[in-house]
Amino acid sequence: MTFQQDISSKHLNIYPVVRIVFNDETETYISTRKVNMSIHSMSTAELYFKPILLNIPSISESIDVETKKYKISSVTLNISDYREDGERFSDSLVDGGGNSIINAQVYIYYASQSAESVNDFTQVGHFIVRKFTQSESQVNLICEDRSQ
């Protein structure tokens, strides 16, 4: 089944998956649940999505027809900073070279119950991290739509 067929079915189970590309080389994968997913349907290689995403992002866009202004959507990702697989998410906010996660690329996808590989995900947004805040238990990434 495809994503389109899944969302038309009687029983729907979709969840967000997020890929963060930091410094054009380091990638982090997170979700609201533990996900091991094949890279593509003919591959045995898998990506692991850590279950540290605390919220399901809400994405909206609008255009003011009179003024012809496009309102850029922004997304805040609330991420748990408790240890998962021996690491805290906040450990990845700055790399070894002192580069910050600011301007990292964030790709948000939705997966449905019949997804067998990452090719079955539906991309719903491409964002850039503009700011982050951190508390003892949580990191918030404030992301802006990449179209700006």
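Let us look at the structure shown here. All figures in this text were calculated on a predicted structure; none of them were measured in a lab.

**What about the sheet that holds strand β2 (residues 26-31)?**
Here comes step 1: What the 6 strands build is an open sheet, ordered β2-β1-β8-β9-β10-β7; its pairing is antiparallel. Sheet topology places β2 and β7 (74-80) at the edges, where each strand pairs with a single neighbour. Each strand of the sheet is rotated relative to its neighbour by a mean of 30°, with strand direction disregarded.
Here comes step 2: Note that strand β1 (residues 15-22) and β2 share 6 bridges and pair antiparallel. Opposite V17, over in β2, you have S31 as the bridge partner.

**Focus on the nonpolar core**
Here comes step 1: Judged by nonpolar contacts, the single largest core of 20 residues is most densely connected at I20, L77, F89, I101, V106 and L141.
Here comes step 2: Residue assignment for this core shows that the elements contributing at least two residues are β1, β7, β8 (105-111), β9 (122-134) and β10 (138-145).
Here comes step 3: Those residues within four positions of I101 in sequence are excluded, and the remaining contacts are I20, F22, F89, L93, V129, F132 and L141.

**Regarding the pattern of salt bridges**
Here comes step 1: Under the criterion given, the structure shown has 3 salt bridges.
Here comes step 2: Note that R19 and E27 form a salt bridge whose closest N and O atoms lie 3.4 Å from each other.
Here comes step 3: R130 is paired through a salt bridge with E144; the nearest N and O atoms lie 3.6 Å apart. With R130 in strand β9 and E144 in strand β10, this residue pair connects regions lying 14 residues apart in the sequence.
Here comes step 4: By relative accessible area, R130 is classed as partly exposed at 39%.

**Side note on the packing of aromatic side chains**
Here comes step 1: In the structure shown here, the tally under the stated rule is 3 aromatic pairs.
Here comes step 2: Note on F49 and F121: the rings are 5.9 Å apart at their centroids and 70° apart in plane angle, and the pair reads as edge-to-face. In this pair, F49 is assigned in strand β4 (residues 46-49) and F121 in the loop between β8 and β9, connecting sequence segments 72 residues apart.
Here comes step 3: For F49, a relative accessible area of 3% translates into the label buried.
Here comes step 4: With centroids separated by 6.2 Å and ring planes inclined at 50°, the aromatic side chains of Y109 and F121 adopt a geometry described as tilted. Of the two residues, Y109 sits in strand β8 while F121 sits in the loop between β8 and β9, which places them 12 residues apart along the sequence.

**Some words on a nonpolar patch on the surface**
Here comes step 1: A surface patch of nonpolar side chains, about 330 Å² in accessible area, is lined by I63, V65 and Y70.
Here comes step 2: For Y70, the location among the structural elements is in strand β6 (residues 69-71).
Here comes step 3: When its relative accessible area of 36% is taken as the criterion, Y70 is described as partly exposed.

**Notes on the side chain of S80**
Here comes step 1: Summarising the element assignment, S80 is placed in strand β7.
Here comes step 2: Taking relative accessible area as the criterion, S80 reaches 10% and is therefore assigned buried.
Here comes step 3: Of note is the side chain of S80, whose polar atom sits 3.3 Å from the backbone nitrogen of Y82.

**Examining unusual backbone geometry**
Here comes step 1: In this structure, D85 is a non-glycine residue whose phi angle is positive, near 55°.
Here comes step 2: One can find D85 in the loop between β7 and β8.
Here comes step 3: The phi dihedral of N103 falls on the positive side, at around 75°, and the residue is not glycine.
Here comes step 4: Its relative accessible area of 46% is what places N103 among the partly exposed residues.

What counts, and where the lines are drawn
Residues numbered from 1 in each chain as written. Predicted model: local features only at pLDDT ≥ 70, side-chain atom pairs only at ≥ 80, totals over all residues. Heavy atoms only, no water. Pairing = 2+ DSSP bridges. Helix = DSSP H or I, 4+ residues; strand = E, 2+ residues; numbered from the N terminus. Axes fitted to C-alpha atoms, helices over the stretch in contact; angles between N-to-C directions. Core = buried A, V, L, I, M, F, W, Y, C linked by side-chain atoms within 4.5 Å. Buried < 20%, exposed > 50% of the residue type's maximum accessible area, 1.4 Å probe, protein only. Contact = heavy atoms within 4.5 Å. Salt bridge = Lys/Arg side-chain N within 4 Å of Asp/Glu carboxyl O. Phe/Tyr/Trp six-rings, centres within 6.5 Å; stacked < 30°, edge-to-face > 60°. Patch = residues over 30% accessible without salt bridge, like charges linked within 9 Å, V, L, I, M, F, W, Y side chains within 5 Å. Areas by Shrake-Rupley, 256 points an atom, 1.4 Å probe, with all protein chains shown as cover. Polar contact = N/O pair within 3.5 Å; in protein donor to acceptor, adjacent residues only side chain to side chain.

Remember that the coordinates give geometry; whether it matters functionally is a separate question.
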